[in-house]
Amino acid sequence: GYRRLSADVFAGYTYTKDELLQTVAENYVALAQDNTSNLFVGTRIGYDCAGVLDVSLNARYDHSSCDNDYLLMMKPEFTVGVDAEVRPFKDLTIRAGYNFTRYTDAGSNERIDNRNELFAHVGYKVCKNIGLFLHGDNLLDCSYYEYPGIGTRGIRVSAGASVAF
């Protein structure tokens, strides 16, 4: 049958002038603002088997710099993920994956907790222009911070329809 191995490599640089971050302390909200820069490199290795199964491994390393420790702590240092997509028949797609993210050390050995994310997605194409989907995030129900002092909301599930014009 049809099999295809693929590999992609990417790299880039971003600079953000006056990046703004809201932080939450005991009884007040504070704003942090600073210029940030980020140099990143990554890869994706995928395997497609007959258009029915697609498995991929993703990795990305980020080197961020900033004078504000709170902003720096929110920057990922590296992310590794694996996902698989199965198409048991033409109009049905089932996808699941896992991502691990480690965040940047702010210099004083302060680092927010690693992020472990498990997700799943089911999509069904009803007709040429209409589809239905069910998507779940944080299926391990892990606690982590999306922003300093602001935690996750637990398992998230969404369902809906899509229309293509």
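What comes next concerns the included structure. Because the structure is a prediction, the values reported are computed rather than measured. (Residues numbered from 1 in each chain as written. Predicted model: local features only at pLDDT ≥ 70, side-chain atom pairs only at ≥ 80, totals over all residues. Heavy atoms only, no water.)

### Regarding the overall build of the protein
Okay, so step 1: When its secondary structure is counted, the protein shows one helix and 10 strands.
Okay, so step 2: Its helices and strands in sequence order give the protein the pattern β-β-β-α-β-β-β-β-β-β-β, from N to C terminus.
Okay, so step 3: Contacts in the protein between residues at least 24 apart in sequence constitute 48% of all its contacts with a sequence separation of at least 6. (Helix = DSSP H or I, 4+ residues; strand = E, 2+ residues; numbered from the N terminus. Contact = heavy atoms within 4.5 Å.)

### Digging into the environment of K128
Okay, so step 1: Structurally, the position occupied by K128 is in the loop between β6 (115–127) and β7 (130–137).
Okay, so step 2: Along the chain, K128 and D91 lie 37 residues apart, while their C-alpha atoms are 9.6 Å from each other.

### Here's the deal with the pairing of strand β5 (residues 92–103)
Okay, so step 1: With 11 bridges joining them, strand β4 (residues 76–89) and β5 adopt antiparallel strand pairing. Its bridge partner lying in β5, F78 is registered against R102.
Okay, so step 2: The antiparallel pairing of β4 with β5 creates a hairpin that spans two residues between the two strands.
Okay, so step 3: Direction of pairing for β5 relative to β6: antiparallel, over a ladder of 10 bridges. Following the sheet pairing, T101 is matched in β6 by R115. (Pairing = 2+ DSSP bridges.)

### With respect to the pattern of salt bridges
Okay, so step 1: Under the criterion given, the structure shown has nine salt bridges.
Okay, so step 2: The shortest N-O distance in the salt bridge between R87 and D48 comes to 3.8 Å. In this pair, R87 is assigned in strand β4 and D48 in strand β2 (residues 29–49), connecting sequence segments 39 residues apart.
Okay, so step 3: Since its relative accessible area comes to 16%, D48 is described here as buried.
Okay, so step 4: Through salt bridges that share partners, D8, R44 and D54 make up one connected network. (Salt bridge = Lys/Arg side-chain N within 4 Å of Asp/Glu carboxyl O. Buried < 20%, exposed > 50% of the residue type's maximum accessible area, 1.4 Å probe, protein only.)

### Some points on the nonpolar core
Okay, so step 1: Counting 10 residues, the largest nonpolar core is built from L21, A32, C66, L71, L72, M73, M74, Y103, A106 and I112.
Okay, so step 2: In terms of residue count, helix α1 (residues 69–73) provides more of this core than any other element does, three residues in total. (Core = buried A, V, L, I, M, F, W, Y, C linked by side-chain atoms within 4.5 Å.)

### Description of the side chain of N38
Okay, so step 1: Mapped onto the elements, N38 comes out in strand β2.
Okay, so step 2: On the basis of relative accessibility, which here comes to 11%, the residue N38 falls in the buried class.
Okay, so step 3: Those residues in contact with N38 that sit more than four places away from it in its chain are G12, Y13, T14, R60, D62, H63 and S64.

### Thoughts on the packing of aromatic side chains
Okay, so step 1: By the definition in use, this model includes two aromatic pairs.
Okay, so step 2: Judged by centre distance (6.3 Å) and plane angle (55 degrees), the rings of F10 and F40 are tilted. With a gap of 30 residues between them, F10 in strand β1 (residues 3–24) and F40 in strand β2 connect regions that are remote in the sequence.
Okay, so step 3: With a relative accessible area of 16%, F40 lands in the buried category. (Phe/Tyr/Trp six-rings, centres within 6.5 Å; stacked < 30°, edge-to-face > 60°.)

### Focus on the side chain of T36
Okay, so step 1: Along the chain, T36 falls in strand β2.
Okay, so step 2: Beyond its immediate stretch of four places on either side in the chain, T36 contacts T14, Y15, T16, E19, S65, C66, L71 and K75.

### Observations regarding the environment of F100
Okay, so step 1: When you line up the elements, F100 lands in strand β5.
Okay, so step 2: Distance in space between the C-alpha atoms of F100 and L118 is 9.0 Å, their sequence separation being 18 residues.
Okay, so step 3: Beyond its immediate stretch of four places on either side in the chain, F100 contacts F78, T79, V80, N114, R115 and N116.

### Considering unusual backbone geometry
Working note: non-glycine residues mostly have negative phi, and peptide bonds are mostly trans.
Okay, so step 1: We note that A50 has phi near 55 degrees; this positive angle belongs to a residue other than glycine.
Okay, so step 2: When you line up the elements, A50 lands in the loop between β2 and β3 (53–65).

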